[in-house]
Amino acid sequence: MYQPTQLRTFLAVAQTLSFTQAARRLGLRQSTVSQHVRRLEEATGRALFTRDTHSVELTEDGEAMLGFAHRLLDVHEQAAAFFTGTRLRGRLRFGASEDFVLTRLPEILESFRSDHPEVDLELTVELSGTLHEQLAAGKLDLVLAKRRPEDPRGEPVWHDELVWIGAERLRLDAGRPVPLIVFPPPGITRALALEALERQGRSWRIVCTSGSLNGLIAAARAGLGVMAHSRGLIPPGLVRIPDRAGLPELGKVDFVLVHGRRRTSAESAADALAAAILAGGDRLHRRPAAPRPAAPRPAPLPPAAEGSPPRGAAAP
């Protein structure tokens, strides 16, 4: 009922929110992308996108199709790998930036490991700038990270906007230096934040430096200062700093996949993982669902006093 080719096209459009970018990613004509989406909509009997000359957005049915499309493609690829007997092997050194520690990237990696159990996957979580350096040095095979706007390298996974975030109760004093919470060098968001403040002529001071995203989040939740962060990945407990605070705009940011120096043992595995990340790119915008809290147990009743009626019995 649902063709894998059409599902892959649907996911590419859903992630890029652009028929043009989806066509470029898939190596298809834009008319072919439109045809795939139209046929999938005919098969479902539902509109999956609302679109006009300026924008493309998922409908409610389109949001529902995201989960179904991922599961259908996962099963299709598992069956194809089983019956064709093609098994990937080798050591794959994959680097992911700190930005993804609170997203659903682990679900994508878990699915990849299940589909390719003979691939020896080594994960490195670091700052984007550090990952690019390690990739250039031949220490990694594939990297998922931010890139600077002027950097042409890499295949875009999605585009986002950098914004200032902090605790909801935080109030900035326009007459004092901006308190900054930043990654250490060579953090890309750090560099972009400092450059933006310098262009505005705004003074600043660093109140917290940490190589761990969780460390930065803890400082921000404590109200120590503000941090530059991807708008689509704002952590729980933090909010966007309103425009009235007068902080400078930070601009756009690209999250990209970059292949390193190809080695025979890693090339096919890197291609397969890159394809899995591109197919599941929308999951990177979403945090894992929080576990539902267990229902509280009723408090035990106090023991009945001597001479009192049994519990549940009426007093005389």
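Everything discussed here concerns the structure shown above.
Not measured: the values here are computed from a predicted model.

Draft legend 1. Summary view of the overall build of the protein. Assigned secondary structure in the protein consists of 9 helices and 11 strands. Counting the 316 residues in the protein, one finds 42% classified as buried. A sequence separation of at least 24 residues applies to 76% of the contacts in the protein between residues at least 6 apart.

Draft legend 2. How the structure looks around helix H7 (residues 188-200). The end-to-end C-alpha distance of H7, which contains 13 residues, comes to 19 Å, matching closely the 18 Å that a straight helix rising 1.5 Å per residue would cover. Buried within H7 are the following residues: Ile 188, Thr 189, Arg 190, Leu 192, Ala 193, Leu 194, Ala 196 and Leu 197. At its buried positions, H7 is contacted by helix H6 (128-136), strand E5 (142-147), strand E6 (155-166), strand E7 (178-182), strand E8 (204-209) and strand E9 (227-230). After H7 finishes, the residue Gly 201 shows a positive phi value of roughly 75 degrees.

Draft legend 3. Main features of the environment of Thr 209. Along the chain, Thr 209 turns up in strand E8. Between the C-alpha atom of Thr 209 and that of Ala 219, which follows or precedes it by 10 residues, the distance is 9.3 Å. Residues contacting Thr 209, with those up to four places away along its chain left out, are Val 182, Phe 183, Pro 184, Arg 190 and Leu 216.

Draft legend 4. Structural detail: the packing of helix H1 (residues 4-16) against helix H2 (residues 19-26). Viewed as axis vectors pointing N to C, H1 and H2 meet at an angle of 130 degrees, and their least axial separation amounts to 8 Å. Taken together, H1 and H2 sit at an angle that is classed as oblique. In the crossing of H1 with H2, the sense of the turn from one axis to the other is right-handed. Of the residues in H2, those in contact with Arg 8, Thr 9, Ala 12, Val 13, Gln 15 and Thr 16 of H1 are Phe 19, Gln 21, Ala 22, Arg 25 and Leu 26.

Draft legend 5. Quick look at the pairing of strand E11 (residues 252-259). Extensive coverage of E11 is indicated by the burial of 6 of its 8 residues. Across 6 bridges, the pairing between E6 and E11 is antiparallel. Residue pairing for E11: Glu 155 is matched across the bridge by Leu 257.

Draft legend 6. Main features of the environment of Gly 67. Within the fold, Gly 67 resides in helix H4 (residues 60-84). In sequence terms Gly 67 and Gly 280 are 213 residues apart; their C-alpha atoms lie 9.7 Å from each other.

Draft legend 7. Representation of the packing of aromatic side chains. What the rule picks out here adds up to 5 aromatic pairs. Aromatic side chains Phe 19 and Phe 49 sit 6.1 Å apart centroid to centroid with 65 degrees between the ring planes, which places their arrangement in the edge-to-face category. You can see Phe 19 sitting in helix H2 and its partner Phe 49 sitting in strand E1 (residues 49-51), a full 30 residues away along the chain. We note that Phe 19, like Phe 49, is buried. Centroid distance Phe 100 to Phe 255: 5.6 Å. Interplanar angle 70 degrees. Geometry classified as edge-to-face. In this pair, Phe 100 is assigned in the loop between strand E3 (90-97) and helix H5 (105-115) and Phe 255 in strand E11, connecting sequence segments 155 residues apart. Of the residues examined, Phe 100 reaches a relative accessible area of 2% and is grouped as buried.

Draft legend 8. Broad picture of the side chain of His 36. Positionally, His 36 belongs in helix H3 (residues 30-44). His 36 sits in the buried class, given a relative accessible area of 11%. Within the structure, His 36 has its side chain in polar contact with the side chain of Thr 9 (distance 2.8 Å). Beyond its immediate sequence surroundings of up to four residues, His 36 is in contact with Thr 5, Gln 6, Thr 9 and Leu 28.

Draft legend 9. Seen up close, the pairing of E5. Across the 6 residues that make up E5, a large majority, 6, are buried. As defined by bridge partners, E3 adjoins E5 across 3 bridges and the pair is classed as parallel. Bridging from a neighbouring strand, Phe 94 pairs with Leu 142 of E5. As judged from the 6 bridges shared by E5 and E11, these two strands associate in the antiparallel manner. Bridge assignment links Leu 144 to a residue of E11, and that residue is Leu 257.

Draft legend 10. Structural view of the pattern of salt bridges. Tallied over the full model, the rule gives 9 salt bridges. Between Arg 93 and Asp 141 there is a salt bridge, and its shortest N-O distance comes to 3.0 Å. Here Asp 141 lies in the loop between H6 and E5 and Arg 93 lies in strand E3, a separation of 48 residues in the sequence. No difference in accessibility class separates Arg 93 from Asp 141, as the two residues are buried. In this structure, the salt-bridge partner of Glu 161 is Arg 240, at a minimum N-O distance of 3.5 Å. Of the two residues, Glu 161 sits in strand E6 while Arg 240 sits in strand E10 (residues 239-240), which places them 79 residues apart along the sequence.

Definitions and limits used
- Residues numbered from 1 in each chain as written.
- Predicted model: local features only at pLDDT ≥ 70, side-chain atom pairs only at ≥ 80, totals over all residues.
- Heavy atoms only, no water.
- Helix = DSSP H or I, 4+ residues; strand = E, 2+ residues; numbered from the N terminus.
- Buried < 20%, exposed > 50% of the residue type's maximum accessible area, 1.4 Å probe, protein only.
- Contact = heavy atoms within 4.5 Å.
- Expected span 1.5 Å × (residues − 1).
- Axes fitted to C-alpha atoms, helices over the stretch in contact; angles between N-to-C directions.
- Parallel < 35°, antiparallel > 145°, perpendicular 65-115°, else oblique.
- Left-handed = near helix turned anticlockwise from the far one by under 90°.
- Pairing = 2+ DSSP bridges.
- Phe/Tyr/Trp six-rings, centres within 6.5 Å; stacked < 30°, edge-to-face > 60°.
- Polar contact = N/O pair within 3.5 Å; in protein donor to acceptor, adjacent residues only side chain to side chain.
- Salt bridge = Lys/Arg side-chain N within 4 Å of Asp/Glu carboxyl O.

Structural measurements only, silent on function.
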